[in-house]
Amino acid sequence: EKLAAKKKRRKEREALGDKAPPKAIPKTIENQRVYDETTVDPNDEEVAFDEATDEFAPYFNRQTVPKILITTSDRPRGRTVRFCEQLSSVIPNSHVYYRRGLALKRIIPQCIARDFTDLIVINEDRKIPNGLVLSHLPDGPTAHFRMSSVRLRKEIKQKGKEPTEHVPEVILNNFTTRLGHSVGRMFASLFPHDPQFIGRQVATFHNQRDYIFFRFHRYIFKSEKKVGIQELGPRFTLKLRSLQKGTFDSKFGEYEWIHKRREMDTNRRKFHL
Amino acid sequence: RTKTQNFCRNEYNLTGLCNRSSCPLANSQYATIREEKGRCYLYMKTIERAAFPRRLWERVLLSKNYEKALEEIDENLIYWPRFIRHKCKQRFTKITQYLIRIRKLTLKRQRKLVPLRRKIERREKRREEKALIAAQLDNAIEKELLERLKQDTYGDIYNFPIHAFDKALQQQDAESESESDAEKEEEDDEDTDNREFVEADDSDLSDFEDMDKLETSSEEEQEKEEEVEKKASHSKSKGKTPLKGPARRKRPYIEIEYEEETEPTTKTKAA
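Residues numbered from 1 in each chain as written. Chains lettered and ligands numbered in written order. Predicted model: local features only at pLDDT ≥ 70, side-chain atom pairs only at ≥ 80, totals over all residues. Heavy atoms only, no water.

## Quick look at the overall build of chain A
Next up, step 1: Counting secondary structure elements, chain A contains seven helices and 11 strands.
Next up, step 2: By sequence separation, contacts in chain A at least 24 residues apart represent 65% of the contacts at least 6 residues apart.
Next up, step 3: Working note: accessible area of chain A is about 16,000 Å², and carbon and sulfur atoms make up 50% of it. (Helix = DSSP H or I, 4+ residues; strand = E, 2+ residues; numbered from the N terminus. Contact = heavy atoms within 4.5 Å. Areas by Shrake-Rupley, 256 points an atom, 1.4 Å probe, with all protein chains shown as cover.)

Okay, here's the thing in structure tokens:
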């Protein structure tokens, strides 16, 4: 029945020729998205002021150089270990340390003492990494993500070499709401501020419908209007579960945002990031 | 139920297996150890109280000290059958051991198990796939990179900026035009020189083969000059009609051939 209607419409359009009405824009979820009141306006002063004074200000004023500690949960399996290594090759100035049963609450003061700016914990379940805790160290926000569809470098169909030591560029796409903004800044603070364009590498965090896709590419400009990209480096997708104000503390932390399944998942057009 | 034994469901059972000797219902004189909130108690049942179910089980608190508690059990269960005494002590040992383990574990970090709901998991997976398709990551990344190129974030590394290129082209065209004019003049001079040279040789040499060789050499030189001339014009036309360039090139080639054909006739005429 729908097909018949479509055919009819197409015939009408052809029959009218030039006078036909313009083509209707198809409805996508992005178009129909429920308007989120926390969407950030580029010219919003309040937000700009907030960002100048929040925990990332020293990073964005180029006072601190990011230094990152990557670790896992207890007893990491082979896949997780390899993923950690690849992640550390992607993010410059990062170190992987094994966790032999050390409590997070005790690691954190030690990290601060040794001048780390960020801590990444990759949680593992049934031999695959499935969770990511990212916390900005000197008393910064902690974000807990669920990680899915992790592809290691050798699983991606690529012929590229491994990522070099150059500082990559960062692309953050589609982080519109206030919450998305803060998460985006968290990601930006992982990478040093001055990308080395010689390296021609770019790390992308693309937010789409509350899923954050991470990709790592090497680009080359073939001509003025054409660029070729080649995927190297691991890829994974993240979904934000919770955002805490202070450093990681499951019992006493002050949660800025938690994903409440009953309320938040019901509407198909409403997204939070 | 194992292959040889049943488990007893009675909570006052001493061993946990359902036997005639270890059933609290079957024996009128019975004792058990049970623990509540980390403290162990010795429960005893005697024949005298069989008529009073409420007062049936007598409870004695055991001390926290392991050895003392064992002595207390012995004290209370004096003159009781050996089996019950032995089993009581065994049960007490086991209980204390697992209490110790609990206390140790609570000090370490404990793993909190969060159950995954299958339906929700499937829903999330599906949504992720759709989001991925909607995202069109490659296109988005390429667009972003081109944007950055336009906005000059890369500085002077890439040599594409259009205006500069056009200017360079125009400059080059101007240069090549002046060059080609100069070349043409030079070429004419050279040609005449060559022609004189060739004619002189012709007159000197009588052999036809030698004449041919000299002619071919002169041909080559002239071809080269022609090519250079055409290249200059070619570069001029590059910006405008790149396609016609090679096509134009072919025509002069053919022209050269014609010239060559006519030349010998003129030469012979001159000679």
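## Looking at the overall build of chain B
Next up, step 1: Counting secondary structure elements, chain B contains seven helices and three strands.
Next up, step 2: Reading chain B from its N end, one meets helices and strands in the order β-β-β-α-α-α-α-α-α-α.
Next up, step 3: Long-range contacts, defined here as pairs at least 24 residues apart, represent 41% of the contacts in chain B between residues at least 6 apart.
Next up, step 4: As displayed, chain B has an accessible area near 20,800 Å², and 51% of this comes from carbon and sulfur atoms.

## What about empty space enclosed by the protein?
Residues and elements named next belong to chain A.
Next up, step 1: Across all of its chains, the model carries three cavities of 30 Å³ or more by this definition.
Next up, step 2: If you add up the space inside the largest cavity, you get close to 90 Å³.
Next up, step 3: Among the secondary structure elements, those contributing two or more residues to the lining of the largest cavity are strand S4 (128-136) and strand S10 (235-244).
Next up, step 4: Residues of the lining of the largest cavity, tallied by class, amount to 11 nonpolar, no polar and no charged. (1 Å grid on protein atoms, 1.4 Å probe; cavity = no way out; pocket = protein on both sides within 12 Å on 5 of 7 lines; lining within 4 Å. Points joined across faces, edges and corners; volume = space filled by probe spheres on them. Nonpolar A, V, L, I, M, F, W, Y, C, P; charged D, E, K, R; others polar.)

## Focus: the packing of aromatic side chains
The geometry of two aromatic rings is summed up by the distance between their centres and the angle between their planes.
Residues and elements named next belong to chain A.
Next up, step 1: Scanning the model with the defined rule gives 12 aromatic pairs over all chains in all.
Next up, step 2: For the ring pair Phe83 and Phe236, a centre distance of 5.5 Å and an interplane angle of 85° mean the geometry is edge-to-face. Here Phe236 lies in strand S10 and Phe83 lies in helix H4 (residues 78-90), a separation of 153 residues in the sequence. The same class applies to Phe83 as to Phe236, namely buried.
Next up, step 3: For the pair Phe145 and Phe187, a centre-to-centre distance of 5.7 Å together with 25° between the ring planes defines the contact as stacked. (Phe/Tyr/Trp six-rings, centres within 6.5 Å; stacked < 30°, edge-to-face > 60°. Buried < 20%, exposed > 50% of the residue type's maximum accessible area, 1.4 Å probe, protein only.)

## Examining the environment of Tyr98 of chain A
Next up, step 1: Residue placement: Tyr98 of chain A occurs in the loop between strand S2 (94-96) and helix H5 (104-113).
Next up, step 2: When residues no more than four places from it in sequence are discounted, the contact partners of Tyr98 of chain A are Thr71, Pro76 and Val81 of chain A.

## Considering the sheet that holds strand S1 (residues 30-36) of chain B
Residues and elements named next belong to chain B.
Next up, step 1: Pairing is antiparallel across the open sheet formed by three strands, whose spatial order is S1-S2-S3. Either end of the sheet is taken by a strand with one partner, and the two such strands are S1 and strand S3 (57-61). Across the sheet, the mean angle from the axis of one strand to that of its neighbour is 25°, orientation sign disregarded.
Next up, step 2: Across seven bridges, the pairing between S1 and strand S2 (residues 39-45) is antiparallel. Its bridge partner lying in S2, Tyr30 is registered against Lys45.
Next up, step 3: Across the sheet, helix H1 (residues 66-76) touches S1, S2 and S3, and the angle it forms with S2 is around 10°.
Next up, step 4: Its contacts with the sheet place helix H2 (residues 82-107) against S1 and S2, and it is angled at close to 10° to S1. (Pairing = 2+ DSSP bridges. Axes fitted to C-alpha atoms, helices over the stretch in contact; angles between N-to-C directions.)

## Some details on a positive patch on the surface
Next up, step 1: Together, Lys2, Lys6, Lys7, Arg9, Arg10, Lys11 and Arg13 of chain A make up a positively charged patch on the protein surface.
Next up, step 2: Position of Lys6 of chain A among the secondary structure elements: in helix H1 (residues 2-16). (Patch = residues over 30% accessible without salt bridge, like charges linked within 9 Å, V, L, I, M, F, W, Y side chains within 5 Å. Salt bridge = Lys/Arg side-chain N within 4 Å of Asp/Glu carboxyl O. Lys, Arg positive; Asp, Glu negative; His and termini not counted. Charge placed at Lys NZ, Arg CZ, Asp CG, Glu CD.)

Function-wise, these values are silent; they only describe arrangement.
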